[in-house]
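Working through the structure, step by step
Letter by letter, the chains look like this.
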Amino acid sequence: MRRNILVSAIASVAVAGAMSFAHAQDKVIRVGVLMPISGPASYFGVQGKQGIDLALEQITKAGGVNGYRIQVQYEDSACSPLQATNTVKRVLEQFKPHIVVGEECSDASLAIAPILEQAKVPLLNAGSATLKLTESGYKYVFRIFPTADQQNQLLARYAAETMKAKTAVLLFEKTNAGVDNADTFEKVFKAAGGSVLARIDYGRDVNDFTPIATRIASLGKVDVLPTFGLEGQTVRLAQALAQARIVKGGGGAAVQVGSIWLPWGFEQKAGQASEGYVRIVQFDPTENRKIVQDFNAAFRAKYGANETPTHINAHAYDTILLISEAVRRGATDSESMRDRLSKMKGVEVTTGTISFDEKGQNSDLSVIHIVETQKDLSWKTLR
């Protein structure tokens with residue numbers, strides 16, 4: 001049976017009132033949060049903190065969970081394997097967390113996973129797509145974010161079967177996540193009869209995408225451009241493709257497609273260049289599920305009536321709800337936290353339903369949307 005976390009982990013403990021909160025002063029679940037607060041991926045940290053802070057506020061108002069309060073320590077891991085490694089070692093030594101949330105970037109997550117595995121501290125990941133994270137045999141890694149394989153099985157089939165695309169050019173950053181996304185898309189797209197005209201990768205230091213757009217323009221007819229990169233570079237890439245009249249936003253015929261990389265608001269930053277962009281999203285703020293609408297209302301009440309939560313806000317919020325649910329089920333330390341998370345099946349959160357498989361990967365993709373950016377930069381849900 002699916003379980004609404006907001007009801008089971010937060011609202012249900014409100015009846016305990018002041019007595020529960022008093023006990024919570026003595027019982028603490030420590031959560032280390034490693035997020036990029038600096039660097040090109042800093043928007044992950046900003047939006048992730050918003051989601052976590054909202055969840056913590058709701059839990060505190062409810063009086064804690066099972067007599068426990070949740071204490072969070074934020075650390076900047078900068079989307080960097082080296083900084084994430086140094087940071088997680090310091091957090092383990094000084095803060096002694098019962099569980100760690102992070103990192104957003106796959107390479108940084110891969111760097112901290114074996115350290116936490118050795119320390120027997122669970123890692124709850126909500127933003128990394130690389131297959132390696134849950135395919136390496138770790139017992140203390142849990143991920144609610146769909147893998148590159150899960151995402152691109154859907155995206156590539158949709159491009160080939162529904163969009164009737166025959167040719168593609170793959171655009172991706174040179175990271176584990178970028179390569180894994182591109183590899184899966186290519187495999188599935190080719191199996192469906194498509195042809196990949198080129199694979200073009202780029203580093204995070206690239207700011208001018210005009211040479212890439214010029215190269216693509218010379219390749220002939222391109223139907224889809226699967227794109228896997230951080231928001232800032234994808235904005236500039238989309239604008240370069242539009243300027244070269246390759247994509248719909250610039251009067252061309254090609255369509256950029258993408259997996260769950262770009263947050264709500266990308267269209268406003270890219271402008272008209274984003275028209276026609278087709279991507280899959282795990283969180284759609286217009287969805288009618290009650291837990292989504294309740295989250296929207298709480299988010300706007302805290303951050304502003306005109307603010308719309310992104311999937312980054314939602315994923316971060318969900319990590320705290322899942323930790324709260326584990327505590328509600330009896331988790332009191334790292335080992336019992338790992339045990340309770342491993343047994344979660346059919347748990348509803350804002351980004352869908354969580355059912356961890358034996359590898360610690362969420363296997364439930366019942367909530368995945370495919371959206372298209374319209375001329376007015378709004379979303380149209382295609383599926």
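Right above here is the structure, for reference.
Let us look at the structure shown here.

Conventions and cut-offs
Residues numbered from 1 in each chain as written. Predicted model: local features only at pLDDT ≥ 70, side-chain atom pairs only at ≥ 80, totals over all residues. Heavy atoms only, no water. 1 Å grid on protein atoms, 1.4 Å probe; cavity = no way out; pocket = protein on both sides within 12 Å on 5 of 7 lines; lining within 4 Å. Points joined across faces, edges and corners; volume = space filled by probe spheres on them. Helix = DSSP H or I, 4+ residues; strand = E, 2+ residues; numbered from the N terminus. Nonpolar A, V, L, I, M, F, W, Y, C, P; charged D, E, K, R; others polar. Core = buried A, V, L, I, M, F, W, Y, C linked by side-chain atoms within 4.5 Å. Buried < 20%, exposed > 50% of the residue type's maximum accessible area, 1.4 Å probe, protein only. Contact = heavy atoms within 4.5 Å. Pairing = 2+ DSSP bridges. Axes fitted to C-alpha atoms, helices over the stretch in contact; angles between N-to-C directions. Salt bridge = Lys/Arg side-chain N within 4 Å of Asp/Glu carboxyl O. Parallel < 35°, antiparallel > 145°, perpendicular 65-115°, else oblique. Left-handed = near helix turned anticlockwise from the far one by under 90°. Phe/Tyr/Trp six-rings, centres within 6.5 Å; stacked < 30°, edge-to-face > 60°. Lys NZ or Arg CZ within 6 Å of the ring centre and 35° of its normal.

**Notes on the layout of surface pockets**
The calculated volume of the largest pocket comes to roughly 230 Å³. Around the largest pocket sit 24 residues that line it, and E104, C105, S106, G127 and W261 are the ones nearest its centre. For the lining of the largest pocket, the secondary-structure elements that each account for two or more residues are α5 (106–119) and α13 (311–328). Counting residues per element, the lining of the largest pocket draws most heavily on α13, at three residues. Broken down by class, the residue content of the lining of the largest pocket amounts to 12 nonpolar, eight polar and four charged.

**Description of the nonpolar core**
In this structure, L171, F185, F189, I216, L225 and L241 are the most contacted members of the largest nonpolar core, which totals 54 residues. Ranked by residue count, the leading element in this core is helix α7 (residues 148–162), at seven residues. Setting aside anything within four residues of it in sequence, one finds F185 in contact with N152, L155, A156, A159, A168, L170, V224, P226, F228 and V257. In this structure, I52, A298, A331 and M337 belong to the second largest nonpolar core, which totals 42 residues.

**What about the sheet that holds strand β3 (residues 69–76)?**
The five strands lie next to each other as β3-β2-β4-β5-β6, forming an open sheet whose pairing is parallel. This sheet does not close on itself; its edge strands, each paired only once, are β3 and β6 (141–143). Sheet twist, expressed as the average angle between the axes of neighbouring strands with direction ignored, equals 25°. Relative to β6, strand β5 (residues 123–125) runs parallel, the two sharing three bridges. Its bridge partner lying in β6, L123 is registered against V141. Against the sheet, helix α3 (residues 42–61) engages β2 (28–35) and β3, with an angle of about 170° to β3.

**What to know about the pattern of salt bridges**
For the coordinates displayed, the defined rule picks out 23 salt bridges. Ionic pairing is found between R199 and E186, a salt bridge with its closest N-O pair at 2.6 Å. Residue R199 is located in strand β8 (residues 195–202), and its partner E186 is located in helix α8 (residues 176–191); the two are separated by 13 residues in the primary sequence. Under the relative-accessibility criterion, E186 is labelled buried at 15%. Through salt bridges with shared partners, a single network forms among D183, E186, K190 and R199.

**Some details on the packing of α7 against α8**
Pairs of packed helices are described in terms of their axes, by the angle between the two and the distance that separates them. At a minimum axis distance of 8 Å, the contact between α7 and α8 shows a crossing angle of 40°. Viewed along their axes, α7 and α8 adopt a mutual orientation that is oblique. The element α7 and its partner α8 pack so that their crossing is right-handed. Taken together, the residues of α8 that come into contact with α7 (itself represented by A148, D149, N152, Q153, L155, A156, R157, A159 and A160) are D180, N181, T184, F185, K187, V188 and F189. When its residues are assigned to classes, the contact of α7 with α8 shows eight nonpolar, four polar and four charged.

**Side note on empty space enclosed by the protein**
Tallying each qualifying case throughout the model produces three cavities of 30 Å³ or more. As a volume, the largest cavity reaches approximately 60 Å³. In terms of lining, the largest cavity is formed by L34, M35, V101, G102, E103, E104, A126, G127, A316 and T319. In terms of residue class, the lining of the largest cavity is made up of five nonpolar, three polar and two charged.

**Notes on the packing of aromatic side chains**
On inspection of all chains with the given rule, the structure shows 10 aromatic pairs. Centre to centre, the rings of F142 and F356 are 5.3 Å apart; their planes meet at 65°, and the pair counts as edge-to-face. Of this pair, F142 sits in strand β6 while F356 sits in the loop between β13 (352–354) and β14 (369–373); the two residues are 214 residues apart in sequence, bridging distant segments of the chain. Here F142 falls in the buried class, since its relative accessible area comes to 3%. Clustering of aromatic rings is evident, with ring pairs tying together F283, F295, F299, Y303 and Y317. In this structure, R338 is placed above the aromatic ring of Y140, and the distance from its NZ or CZ to the ring centre is 5.5 Å.

**Re the side chain of T227**
Mapped onto the secondary structure, T227 falls in strand β9 (residues 224–228). On the basis of relative accessible area, T227 is assigned to the buried category, the value being 3%. What T227 contacts, discounting residues up to four positions off in sequence, is L171, Y202, T234, L237, Q256, V257, G258 and Y277.

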